[in-house]
Amino acid sequence: MLQIQVIRAQAEEVIKKLQVKNFNAKEIVDRLLVADTSRRSTQKKLDDTLAESNSLAKEIGNLFKSGKKEEANRLKEKTSELKNVAKELQEQLSNLENEQDELLVQLPNIPQESVPAGKTSEENEIVSQQGNIEELSTDALPHWELTGKYDIIDFELGTKITGAGFPVYKGKGAKLQRALISFFLDEAINAGYTEYQPPLLVNEDSAYGTGQLPDKDGQMYHIPLDNLYLIPTAEVPVTNFYRDVILHEDQLPVKSTAYSVCFRREAGSYGKDVRGLNRLHQFDKVEIVQVTQPEKSYETLEQMLNYVSGILRKLELPFRVAKLCGGDLSFASAMTYDMEVYSAAQKRWLEVSSISNFETFQSNRLKLRYKNKSGKTILAHTLNGSALALPRIVAALLENNQTPEGIRIPEALVPYTGFDLIN
RNA sequence: GGAGAGAUGGCCGAGUGGUCGAAGGCGCACGCCUGGAAAGUGUGUAUACCUCACAAGGGUAUCGAGGGUUCGAAUCCCUCUCUCUCCGCCA
């Protein structure tokens, strides 16, 4: 959520910058400015009324003490008038506050200056590409056939017991999952992240805190009986650790990592893009989250990018890095790098990680701040990235490493799997 | 799930209708003291919004959350949430 103070001070600039996201903010900003002005004047009126009422109450108290009952009773009448006025103003004020909030949550984050203009993923800027793209023989199989051939993932069984998008991992397939999770976590810990195991269900406040609500209502699984949401990413619980928290500057940067199962309804997606492991309702992911000072957050973003690149190199997967254009940026992000691995049999780039700087967009909503050395309280910047999401990594590993003998496991993973071939 | 107790500032803890944003202690920050440190000592130490120059000063709100009684509530009443203890159930 953007800060009202920023909009108030730089309305035109905000509108202009949001155009990079192809978002026309004019109307909302105009309405916000009106709401903000009347909110403030109402606040002033209310405060003045309450101040008067407070001082009268004190006076009445004194009068009673000194036995001047009649005079006190006269003042009481005046107070009850003020009370009615205050009540009305209070109501107006909370209406205006609600209106302001409703408008504010509709505005996406402002893209960082260097974010390229553009409408779709076609216009993302490919920043780098690494690793060899190998030509597979013509009889190479897509992963959804390899999983059957080697009996490591059973999609039909998952469909039977739950539904589409809930695969069952089996044998070496299950072990591979476990190996990847451990590998990713160990890498993160070595890079200085603290490991957490968060709850997989969160309450409404948390879903609101990281912006899943109200923007993405309907994308999460919801349990109405307890009013809890299944997390779509560990980002939600982990970032919410810091909701309503004021850190001290020397605690920064906060670096957290968590493995979690992620649940996504993915309403409306279908077709061949969702085949096999490409898009699931339930999947495993290791997430990294950082909280930093504003002046350091872009340096941090690059660090996180380098970190994820390192893991992909260890997995020997060809990948490229895309800097998202304005139109492809998520609602909350100021700048995002997508990491895509090449899936040789599908001949496609698959997104396996998305690393974003949210600047103060999340922290403003979360009320995540820190006190700097001179004692000033400042909104922190939050960043997160996948490191990494499993299914597409598995898809790429299976496809790229298929050989006549079986599927080769990259060296870095062998200590975790305990085998170097799936056959 | 049943019965009972409780929720106060970074922490501990006082406060049962007015002078309480809240005693006292701890912690923390800065100063004094010291060759240096400890001890001692002095001062300061919540958040949001409004006013305003994002200064100083001032105003308002906040003692788990929401509502109510009252001229006036941390203090009384109602609802909810959470925590603890005992019992039950259970991985």
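Owing to the predicted nature of the structure, the values given are computational and were not obtained by experimental measurement.

Let's shift gears to unusual backbone geometry. Between Leu252 and Pro253 the backbone carries a cis peptide bond, its omega angle lying at -5°. Relative to the elements of secondary structure, Pro253 occurs in the loop between strand E8 (246-248) and strand E9 (254-263). Residue Ala387 is joined to Leu388 through a cis peptide bond whose omega torsion reads 5°. Within the fold, Leu388 resides in strand E16 (residues 381-389).

One open sheet accounts for three strands, arranged E17-E18-E19; its pairing is antiparallel. Looking at strand neighbours, the two that pair on one side only are strand E17 (402-403) and strand E19 (421-422), the edges of this open sheet. Bridge count for strand E18 (residues 406-408) against E19 is two bridges, and the pairing is antiparallel. When the sheet's bridge partners are listed, Arg408 is paired in E19 with Leu421.

Turning next to the protein's contact with RNA strand B. Around RNA strand B lies a shell of 21 residues, among which Arg39, Gln43, Asp47, Thr79 and Lys371 are the nearest. Restricting the count to atoms of RNA strand B within 4 Å of the protein gives a sugar and phosphate share of 73%. The side chain of Asp47 places a nitrogen or oxygen atom 2.8 Å from a base nitrogen of RNA strand B. Ala57 places a polar main-chain atom, nitrogen or oxygen, 3.0 Å from a base nitrogen of RNA strand B. If you list the elements that add at least two residues to the surface near RNA strand B, you get helix H1 (4-9), helix H3 (26-65), helix H4 (69-104) and strand E14 (369-371). Per element, the largest residue contribution to the surface near RNA strand B is twelve residues, and it comes from H3. Taken together, the residues of the surface near RNA strand B sort by class into five nonpolar, six polar and ten charged.

On to the domain arrangement of chain A, then. Taken as a whole, chain A is organised into domain 1 (4-104) and domain 2 (121-422). Here domain 1 and domain 2 have C-alpha centroids that lie 44 Å from each other.

Within the fold, Leu312 resides in helix H10 (residues 297-314). You can call Leu312 buried: its relative accessible area is 0%. Between the C-alpha atoms of Leu312 and Met339, which are 27 residues apart in sequence, the distance is 9.3 Å. If near-sequence neighbours (up to four positions away) are discounted, Leu312 is found in contact with Leu317, Phe319, Met339, Val341, Val352, Leu388 and Ile393.

Of all eleven residues making up strand E10 (residues 282-292), ten are buried, and the element is well covered by its neighbours. As paired strands, E9 and E10 are joined by ten bridges and run antiparallel to one another. Looking at the pairing, Ser260 lines up with Lys285 of E10. Summarising the sheet, E10 and E16 pair through seven bridges and their orientation is antiparallel. Within the sheet, the bridge partner assigned to Val289 lies in E16 and is Asn384.

Turning to the packing of H3 against H4, a few remarks are in order. The interhelical angle for the contact between H3 and H4, taken along N-to-C directions, is 160°, at an axis separation of 8 Å. Of the possible angle classes, the one that applies to H3 and H4 is roughly antiparallel. Our pair here, H3 against H4, has a crossing hand that is left-handed. Classifying every residue of the contact of H3 with H4 gives 19 nonpolar, ten polar and twelve charged.

Moving on, we come to helix H7 (residues 172-190). The terminal C-alpha atoms of H7, which comprises 19 residues, lie 26 Å apart, in line with the 27 Å expected from a rise of 1.5 Å per residue. Among the residues making up H7, those that are buried are Gly173, Leu176, Gln177, Ala179, Leu180, Ile181, Phe183, Phe184, Leu185, Glu187 and Ala188. Once H7 ends, the next one or two residues include Gly192, with phi positive near 100°.

Procedures and definitions
Residues numbered from 1 in each chain as written. Chains lettered and ligands numbered in written order. Predicted model: local features only at pLDDT ≥ 70, side-chain atom pairs only at ≥ 80, totals over all residues. Heavy atoms only, no water. Helix = DSSP H or I, 4+ residues; strand = E, 2+ residues; numbered from the N terminus. Pairing = 2+ DSSP bridges. Near = heavy atom within 4 Å. Polar contact = N/O pair within 3.5 Å; in protein donor to acceptor, adjacent residues only side chain to side chain. Nonpolar A, V, L, I, M, F, W, Y, C, P; charged D, E, K, R; others polar. Domains from an automatic or database assignment. Buried < 20%, exposed > 50% of the residue type's maximum accessible area, 1.4 Å probe, protein only. Contact = heavy atoms within 4.5 Å. Axes fitted to C-alpha atoms, helices over the stretch in contact; angles between N-to-C directions. Parallel < 35°, antiparallel > 145°, perpendicular 65-115°, else oblique. Left-handed = near helix turned anticlockwise from the far one by under 90°. Expected span 1.5 Å × (residues − 1).

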